[in-house]
Amino acid sequence: MKREDKCKKISIIVPIYNAEKWLDDCIKSVLNQTYKNVELILVNDGSIDNSEQICKKYAKYSNVIYVSQKNSGASVARNNGLKIATGNYIQFLDSDDYLNDDCCEKMLKKMCEENCDLVLCGMNIWKNGKLLRTPHLQESVVDIKSDINNYIFLHPIFASPCNKMFKRKLIDYTFDSKKSLGEDLTFNLEYLKKSKTVATISECLYNVRLDNDNSLNRKFRDDRMEIMLNLNEIEKNFCQEVYKNQNISFAYNQYIYSYHYYFKELTDLYPMKKCIQLIKKYINEDKADIAIKNCSFQRKYYKLFVKILSTKNCFIIYCFLKLRKFAEKILSSN
């Protein structure tokens with residue numbers, strides 16, 4: 001790290017709710033960073049386990065700030081962390097995740113060398129100590145507003161705020177505390193509107209644990225389709241605003257992916273009658289018609305899925321996805 005970079009402070013904000021199993025590892029991963037000018041902000045969101053005691057144990061460190069709030073959700077916790085952050089740069093870390101020891105150093109180095117507004121790194125995804133996958137992008141620097149393909153490039157690892165480094169001076173808004181899902185993407189899109197250059201690090205420096213089965217992001221809810229469609233709408237509006245006169249069929253494709261995910265999950269969880277009721281509820285909305293009309297796929301499977309959606313025949317949609325589920329089980333068993 002160049003000497004002048006050591007004057008730059010990083011604030012890492014950790015929202016915490018009942019994370020006693022993972023919190024020690026999370027905190028230690030920050031304290032063990034090779035880059036030392038780091039401020040750790042622990043925000044306890046009304047935990048009822050031993051998370052508070054663990055936080056207080058580490059509050060004795062000069063670079064650790066501990067605050068507690070009544071249970072209000074991760075968005076409020078992150079917003080409260082932003083209020084007291086004094087760093088030039090911001091990182092978000094979930095309490096069941098952890099950082100590689102050189103995460104801050106490498107992300108800050110990239111931020112400074114490229115003079116960019118946002119840095120993304122790859123992620124290691126773990127479950128029960130087993131590495132499941134490593135989503136990452138090739139090393140690159142893009143002018144985010146010049147071409148929608150630059151946004152499409154970032155999209156696979158863009159939704160979460162946790163594998164990123166932000167400039168504090170560009171954050172003048174908050175996470176939407178009224179949303180229980182999808183507030184992360186909304187925050188990131190607002191940040192992109194204020195950004196010019198985005199850099200990616202191919203190395204997986206952020207570690208995600210999928211061991212917390214109580215996470216809202218991992219629970220299926222009947223209203224999840226509404227949440228996803230609302231996010232699709234926000235993303236489409238972003239693309240229309242930022243990429244005027246460019247082809248934004250990509251944004252409409254996201255609606256189709258949402259229908260596919262939600263309807264497919266229904267077939268695994270509910271009897272046919274309830275599945276068809278929920279499919280009918282969403283497939284007859286105007287959003288579905290607009291998405292079907294404006295999407296564009298290269299893969300034959302999704303071309304076929306769009307044709308089946310366009311029939312509006314809920315029984316056929318159900319049977320198609322049920323068959324898909326059956327085929328996946330057969331393939332996975334071989």
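Reading the values: rules and limits
Residues numbered from 1 in each chain as written. Predicted model: local features only at pLDDT ≥ 70, side-chain atom pairs only at ≥ 80, totals over all residues. Heavy atoms only, no water. Helix = DSSP H or I, 4+ residues; strand = E, 2+ residues; numbered from the N terminus. Rg over C-alpha atoms; globule rule 2.2 N^0.38 Å. Buried < 20%, exposed > 50% of the residue type's maximum accessible area, 1.4 Å probe, protein only. Contact = heavy atoms within 4.5 Å. Areas by Shrake-Rupley, 256 points an atom, 1.4 Å probe, with all protein chains shown as cover. Lys, Arg positive; Asp, Glu negative; His and termini not counted. Charge placed at Lys NZ, Arg CZ, Asp CG, Glu CD. Disulfide = S-S within 2.5 Å. Core = buried A, V, L, I, M, F, W, Y, C linked by side-chain atoms within 4.5 Å. Phe/Tyr/Trp six-rings, centres within 6.5 Å; stacked < 30°, edge-to-face > 60°. Lys NZ or Arg CZ within 6 Å of the ring centre and 35° of its normal.

**Overview of the overall build of the chain**
- If you tally the helices and strands in the chain, you get 12 helices and 10 strands.
- The C-alpha radius of gyration of the chain comes to 21 Å, within 12% of the 20 Å expected for a compact globule of 334 residues.
- Overall size of the chain, expressed as C-alpha extent along the three principal axes, is 60 × 45 × 40 Å.
- Counting all 334 residues of the chain, 50% fall into the buried class.
- Sequence separation of at least 24 residues holds for 78% of the intrachain contacts in the chain that already meet a minimum separation of 6.
- When the accessible surface of the chain is totalled, it reaches about 16,200 Å², and 49% of it is carbon and sulfur.
- One finds the centroid of the 53 positive side-chain charges in the chain at a distance of 3 Å from the centroid of its 41 negative side-chain charges.

**Overview of the state of the cysteines**
- Within the structure shown, the criterion is met by 0 disulfides.
- Looking at cysteine 239, it has no disulfide partner, and the nearest cysteine sulfur is the one in cysteine 295, 15 Å off.
- Look at cysteine 239 and you get buried, because its relative accessible area is 0%.
- Of the cysteine sulfurs around cysteine 314, a residue in no disulfide, the closest is that of cysteine 275, at 11 Å.

**A word on the nonpolar core**
- Counting residues in each nonpolar core, the largest one holds 109 residues, and the members touching the most others are Ile12, Tyr151, Ile256, Tyr259 and Phe263.
- Sorting elements by how many residues they give to this core places helix 8 (residues 249-269) first, with 9 residues.
- The contacts of tyrosine 151, once residues within four sequence positions are left out, are Ile144, Phe158, Leu185, Leu189, Leu192, Glu235, Phe238, Cys239, Tyr243 and Phe250.

**Concerning the packing of aromatic side chains**
- Taken as a whole and assessed by the stated rule, the structure comprises 22 aromatic pairs.
- A network of ring pairs unites the aromatic residues Phe92, Phe166, Tyr173, Phe175, Phe187 and Tyr191 as a single cluster.
- When the ring centre of phenylalanine 175 is taken as origin, the NZ or CZ atom of arginine 78, which lies over that ring, is 5.3 Å away.
- Against the face of tyrosine 301 rests arginine 324, its NZ or CZ located 4.0 Å from the ring centre.

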